[in-house]
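Below, each chain spelled out in residue letters.
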Amino acid sequence: MTDKKLNVGIIGCGKISQTRHIPEYAQNKNVNIIGYFDFVAERSAEMAAQFGGEVFNSVEAMLANTEIDAVSVCVANDAHADITIQALNAGKDVLCEKPMATSLADAERMVAAAEKNNAKLMIDQNQRLAKSHVVAKQLLDRDEIGNVLTFKTTFGHGGPETWSVDPGANTWFFDKNKSKYGAIFDLGVHKLDLMLYLLGGKVTSAFSWLTTLDKRDSNGDLIGVDDNAISIYEFNSGVLGTVTASWTYYGEEDNATIIYGSKGIMKIYDDPQYSLKVILNSGEVINYEIDRIQTNDNQTSSGMIDEFVDSVLNNRASIADGASVLNSMKAIFAGIDSNEKGQKIQVN
Ligand SMILES: NC(=O)c1ccc[n+]([C@@H]2O[C@H](COP(=O)([O-])OP(=O)(O)OC[C@H]3O[C@@H](n4cnc5c(N)ncnc54)[C@H](O)[C@@H]3O)[C@@H](O)[C@H]2O)c1
């Protein structure tokens, strides 16, 4: 352990910053928040007034500040890669929001920049630290349900237009130039990354079907990105699974994962009371009452900010370092490619 404090800057002061990054940094006694930058200067000013720190008027001005050790990149998807690489090249450690980047080449450039600068790059794949997922991983690692054969995992809610700090049909989430893809980037990325984290290994082939069923922009036209995506992934272990992402599950969120093994079934965030259930082939049912999944309406501490801070201060790999998330991004982009080509894609 070290007594050094981490001096951080926040780039992008929208909803995810306001609900997770900024309050979780503020609660971490090993952190000083030095300042904020957002396109919308009043937003940075509000955060500075509430949590302390200064307002920067550009990314460059923030990165030129030699006091700052690390930054959170919480902007729209289109700017993740460029700002992250700029920050890494300025010698800062970076916690970047998901989806890591809007192209595989950009995700690879981010990992290369972290390596070149000997800096930390963590991606906020917070499902890895959700409490029931942590316990699920321990049980899977000790073969509680035997050899995993298949899975189905889902993340669906009513869409990001009520979540964003700029809500409504004009949200950047619906703008292909800013988001690049829709539900698959917002939600599918979380679940595929989770499955690779829980089960290990790599995806060897991918097939995704992206479609826009219902979401409309302010002109009443269907949005230019997917509001539903269903994917099939094959892992090098032979596991075959489906990942469903939806912005049209109106009324109730679904964040459930079901894993089928040779000795039993594991259900995670499938039951409102028991967030983890193991149903063995013998008929025995083991119920774990751990937590409720974070939803848009149930924001709890993600633990990811503390993890980032600790990994930097103690110079260790984080739970979601850039290289491990690149593994998920390869599979996501293979699926997207398959949607465009209409055929299954092998992943190198
Ligand atoms: N890890 C998670 O569970 C999770 C949850 C929600 C959002 N996110 C991700 O966080 C990122 C931000 O999403 P959000 O929900 O906060 O959106 P939001 O619309 O609420 O806020 C985005 C903010 O970023 C600012 N911004 C956008 N581009 C910018 C740029 N290039 N430079 C400076 N400021 C910029 C906007 O002015 C706005 O204040 C997205 O990539 C999103 O996918 C992750």
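What you are looking at is a predicted structure, and each value in this text was computed from that prediction instead of being measured.

Quick look at the domain arrangement of the protein
Next, step 1: Domain assignment breaks the protein into domain 1 (6-126 + 302-320) and domain 2 (127-298 + 328-346).
Next, step 2: The partner domain 2 presents 23 residues to the 27 residues of domain 1 that form the contact.
Next, step 3: Broken down residue by residue, the surface that domain 1 buries against domain 2 is led by Lys15, Gln125 and Ile319, which jointly contribute 25%.
Next, step 4: Here domain 1 is connected to domain 2 by 3 salt bridges.
Next, step 5: Residue Lys98 is joined to Asp186 by a salt bridge in which the shortest nitrogen-to-oxygen separation is 3.3 Å.

Examining the packing of aromatic side chains
Next, step 1: Within this structure, the stated rule accounts for 6 aromatic pairs.
Next, step 2: Taking 6.5 Å as the distance between ring centres and 90 degrees as the angle between the ring planes, the aromatic pair formed by Phe37 and Phe39 counts as edge-to-face.
Next, step 3: The buried category is assigned to Phe37, whose relative accessible area is 11%.
Next, step 4: By way of ring pairs, the aromatic residues Tyr181, Phe185 and Phe333 are connected into one cluster.

Let's talk about helix H4 (residues 80-89)
Next, step 1: Counting buried residues along H4, 7 of its 10 residues qualify, which places the element largely inside the surrounding structure.
Next, step 2: Tucked inside the fold, the buried residues of H4 contact strand E1 (6-11), helix H3 (59-63), strand E4 (70-73), strand E5 (93-96), helix H5 (104-116) and strand E6 (121-123).
Next, step 3: At the exit of H4 stands Gly91, carrying a positive phi of roughly 90 degrees.

Some thoughts on the sheet that holds strand E8 (residues 203-211)
The strands making up a sheet associate through hydrogen bonds between their backbones, and the pairing can be parallel or antiparallel.
Next, step 1: Spatial ordering of the open sheet is given by E14-E13-E12-E11-E7-E10-E9-E8-E15, a layout of 9 strands whose pairing is mixed. With partners counted over all chains shown, the strands left at the sheet margins are strand E14 (285-288) and strand E15 (345-346), one partner each.
Next, step 2: Across 7 bridges, strand E9 (residues 228-235) lies against strand E10 (residues 240-246) in antiparallel orientation. Opposite Tyr233, over in E10, you have Gly241 as the bridge partner.
Next, step 3: Along the sheet, helix H6 (residues 131-141) contacts strand E7 (148-156), strand E11 (257-261), strand E12 (264-268), strand E13 (276-280) and E14; its crossing angle with E12, the most-contacted strand, is approximately 165 degrees.

What counts, and where the lines are drawn
Residues numbered from 1 in each chain as written. Predicted model: local features only at pLDDT ≥ 70, side-chain atom pairs only at ≥ 80, totals over all residues. Heavy atoms only, no water. Domains from an automatic or database assignment. Contact = heavy atoms within 4.5 Å. Buried area = accessible area lost by both parts, 1.4 Å probe. Salt bridge = Lys/Arg side-chain N within 4 Å of Asp/Glu carboxyl O. Phe/Tyr/Trp six-rings, centres within 6.5 Å; stacked < 30°, edge-to-face > 60°. Buried < 20%, exposed > 50% of the residue type's maximum accessible area, 1.4 Å probe, protein only. Helix = DSSP H or I, 4+ residues; strand = E, 2+ residues; numbered from the N terminus. Pairing = 2+ DSSP bridges. Axes fitted to C-alpha atoms, helices over the stretch in contact; angles between N-to-C directions.

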